[in-house]
Amino acid sequence: MQEQKAGIFSYMARFLVIYAITILIVAVMGVIGGDESQAYSDMYKLGSAGIGYDTLFQLGLVDLIVTLFNIIFFSDKLFGKMMVMWRTILMMICIIILMVISIIAFRWFPLDFAPGWIGFIISFGICFAGSTVISIIKTKSDTKKYGELLERYKQTLEAEDEDTDSEAE
């Protein structure tokens, strides 16, 4: 039961981090070009003055689904035998499809508005690159940590073997 609670809190934390980063990016983009985007984008209908509650809820829903994709695609129960690279590729495809559906459904910008799509591709690329770099750094850190723990464990076993050998004599 305790592990299940820890898992839920971990997922909630993951969602909140994704949501915070999303809001930060949308806010920065709103400050930069919100007034110009106000005429054609529901996302920036308040211009550079802020983000509407409806947009916050839309982004929250999208980020919740992204978090669920992350949980599903990196679950060992469902995709345990699949390489991490393929899990990541499939998850990115699902996220791109989700984003396109969201852009259309929530009218974040017109379908024929090239700057909107360019901005989406750039921001998605930056977020993907950033999360990839963070994942690589975390993986290297974990690998180093587990390597050190393994070495300590081996030293402990060797010390126990030596103690057993000296007692046997």
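The structure under discussion appears in the preceding block.
Keep in mind that what you see is a predicted model, and the values were worked out from it rather than measured. (Residues numbered from 1 in each chain as written. Predicted model: local features only at pLDDT ≥ 70, side-chain atom pairs only at ≥ 80, totals over all residues. Heavy atoms only, no water.)

## Thoughts on the nonpolar core
Then, number 1: Formed by 20 residues in total, the largest nonpolar core has its most connected members in Ile 95 and Trp 108.
Then, number 2: Those elements that provide at least two residues to this core are α1 (2-37), α2 (53-73), α4 (84-105) and α5 (114-168).
Then, number 3: At six residues, α4 tops the list of elements feeding residues into this core.
Then, number 4: The residues touching Trp 108, leaving out its near neighbours within four places in the chain, are Ser 41, Asp 42, Met 43, Gln 58, Leu 59, Val 62, Met 99, Ser 102 and Ile 103. (Core = buried A, V, L, I, M, F, W, Y, C linked by side-chain atoms within 4.5 Å. Buried < 20%, exposed > 50% of the residue type's maximum accessible area, 1.4 Å probe, protein only. Helix = DSSP H or I, 4+ residues; strand = E, 2+ residues; numbered from the N terminus. Contact = heavy atoms within 4.5 Å.)

## Regarding the pattern of salt bridges
Then, number 1: In total, this model carries two salt bridges according to the counting rule given.
Then, number 2: When the shortest N-O distance is used, the salt bridge between Asp 42 and Arg 107 registers 3.2 Å. Taken together, the positions of Asp 42 in the loop between α1 and α2 and Arg 107 in the loop between α4 and α5 put the pair 65 residues apart, joining distant regions of the chain.
Then, number 3: Asp 42 gets classed as partly exposed once you look at its relative accessible area, which sits at 28%.
Then, number 4: For Asp 54, the salt bridge identified is with Lys 45, shortest N-O distance 2.3 Å.
Then, number 5: The exposure class assigned to Asp 54 is partly exposed, which follows from its relative accessible area of 33%. (Salt bridge = Lys/Arg side-chain N within 4 Å of Asp/Glu carboxyl O.)

## Side note on the side chain of Ser 102
Then, number 1: Inspection of the secondary structure assignment puts Ser 102 in helix α4.
Then, number 2: Sequence-distant contacts of Ser 102, that is, excluding residues within four places in its chain, are made with Val 62, Arg 107 and Trp 108.

## What about the side chain of Thr 22?
Then, number 1: Summarising the element assignment, Thr 22 is placed in helix α1.
Then, number 2: Polar contacts involving the side chain of Thr 22 include one to the side chain of Asp 63, which spans 3.0 Å.
Then, number 3: Thr 22 has contacts with Leu 59 and Asp 63, leaving out every residue within four places of it along the chain. (Polar contact = N/O pair within 3.5 Å; in protein donor to acceptor, adjacent residues only side chain to side chain.)

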